[in-house]
Amino acid sequence: MTEAAPLSLCAREPHVPADRLVAEMVPPPRFDSVRFDTYVPDPGQPSQMEAVKVLAGFAGGLGGAHASGGGRRRWFARKPTAPSGPRGVYLDGGYGVGKTHLLASLWHATPADPSLKAFGTFVELTNLVGALGFQQTVRTLSGHRLLCIDEFELDDPGDTVLVSSLLGRLVEEGVALAATSNTLPGKLGEGRFAAADFLREIQGLSAHFRPLRIDGEDYRHRGLPAAPDPYADDEVTRAAYATEGASLDDFPMLLDHLAKVHPSRYGALTDGIRAVCLTDVRPVPDQSTALRLVVLADRLYDREVPVLASGLPFDRLFSDEMLNGGYRKKYFRAISRLTALARDAKALIAQ
């Protein structure tokens, strides 16, 4: 065991300045090195290879001057004309088919300086608007060549209208858009309805998007052994003490602490954490708590932080009512990602 006690997420209350939110709008660490040629399409799913071809061509088409003139307009410049034809792509598919990999590959492949490209989740984009204000967010992003939005969500009407208005302004400024969203596993036909819902919700922007359906099974569990069963409390505790940079928290206490930290700070909450160890995992008590846990799971997955836990397995975190409700897509994504991180954590027990 190490001499130092493990870290605690519950002891952290990070402050994140607005300029950090802007600076961090890049693909997360997990997707730093992904490219189109590192995406491994399923031979049985032709839509995956087709998506690679379409997105590579889309990236190549963004190499010219910015539609508004190559940068931020001067105060006396004429307002640019909205570009004709599709100015965006929408990736629609189930969990774990590699949509984020493809979206990050598009960001990397777009021939523009990183300062002229932005990448973030739907939640991170709404957090940015909350931090900067609507008009300042428009000014900040309007000179960009590309805006990538991962996990576009339709379950909060207010946020959806807010982001829809933002996207409308950015398209007018000549910014290209790309977005992903999820379809429930086993409901292939639902993907087309999801695309229609997306295009309807972003009123007036339909003509700027080309929907791309990506079929397939969750690669995170494709051909891999089942996720490990939860460990005993003492095993998790020993692993936390034996792992440099690990955190150790009681799961119910962590859920209570998440209510005190704005979700925009969950990334900062995990800064420097090399492994998350949790004891007494139990069902999430309510929907507000569950949605906060989803955001934390996303940030841990982005940063490739393994999660070692005792108590219930992660597929029992959410009630049947939650999994059948309006936020079900988020919950299934969280289960998929936490399961992958639990598999990564097996090595901590072997130390």
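Residues numbered from 1 in each chain as written. Predicted model: local features only at pLDDT ≥ 70, side-chain atom pairs only at ≥ 80, totals over all residues. Heavy atoms only, no water.

Right, let's get into the overall build of the protein chain. In terms of helices and strands, the protein chain carries 14 helices and eight strands. Counting only contacts in the protein chain whose residues sit at least 6 apart along the sequence, the fraction spanning at least 24 positions is 87%. In the structure as shown, the protein chain presents an accessible area of about 15600 Å², 52% of it carried by carbon and sulfur atoms. (Helix = DSSP H or I, 4+ residues; strand = E, 2+ residues; numbered from the N terminus. Contact = heavy atoms within 4.5 Å. Areas by Shrake-Rupley, 256 points an atom, 1.4 Å probe, with all protein chains shown as cover.)

In terms of residue burial, helix α9 (residues 251-258) counts as a mostly covered element, since six of its eight residues are buried. Regarding α9, the residues found buried are Phe-251, Pro-252, Leu-254, Leu-255, His-257 and Leu-258. As for α9, its buried residues are in contact with β6 (246-250), α10 (266-269), β7 (275-281) and α11 (287-302). (Buried < 20%, exposed > 50% of the residue type's maximum accessible area, 1.4 Å probe, protein only.)

Bringing the pattern of salt bridges into the picture now. Tallying each qualifying case throughout the model produces twelve salt bridges. Between Asp-280 and Arg-282 there is a salt bridge, with its nearest N and O atoms 2.3 Å apart. Judged by its relative accessible area of 26%, Asp-280 falls in the partly exposed class. Each member of the salt-bridge network shares a partner with another, and the members are Glu-151, Asp-298, Arg-333 and Arg-337. (Salt bridge = Lys/Arg side-chain N within 4 Å of Asp/Glu carboxyl O.)

Spatial ordering of the open sheet is given by β6-β7-β8, a layout of three strands whose pairing is parallel. Edge positions in the open sheet fall to β6 and β8 (307-311), since each of these has one partner strand only. Within this sheet the neighbouring strands show an average axis-to-axis angle of 15°, counted without direction. Relative to β7, β6 is paired through five bridges, and the arrangement is parallel. Within β7, the position partnered with Asp-250 by the bridge is Thr-279. Strands in contact with helix α8 (residues 233-242) are β6, β7 and β8; relative to β7, the strand with the most contacts, it is inclined by about 160°. (Pairing = 2+ DSSP bridges. Axes fitted to C-alpha atoms, helices over the stretch in contact; angles between N-to-C directions.)

In a packed pair of helices, the relevant descriptors are the angle between the two axes and the axis-to-axis distance. Running from N to C, helix α2 (residues 46-60) and helix α3 (residues 99-109) cross one another at 30°; their axes reach a closest spacing of 9 Å. Judged by the inter-axis angle, α2 sits roughly parallel to α3. Two packed elements cross with a definite hand, and for α2 against α3 that hand is right-handed. Between α2, through Ala-51, Val-52, Leu-55, Phe-58 and Ala-59, and α3, the contact on the second element is made entirely by Leu-102, Leu-106 and Ala-109. Counted by class, the contact of α2 with α3 contains eight nonpolar, no polar and no charged residues. (Parallel < 35°, antiparallel > 145°, perpendicular 65-115°, else oblique. Left-handed = near helix turned anticlockwise from the far one by under 90°. Nonpolar A, V, L, I, M, F, W, Y, C, P; charged D, E, K, R; others polar.)

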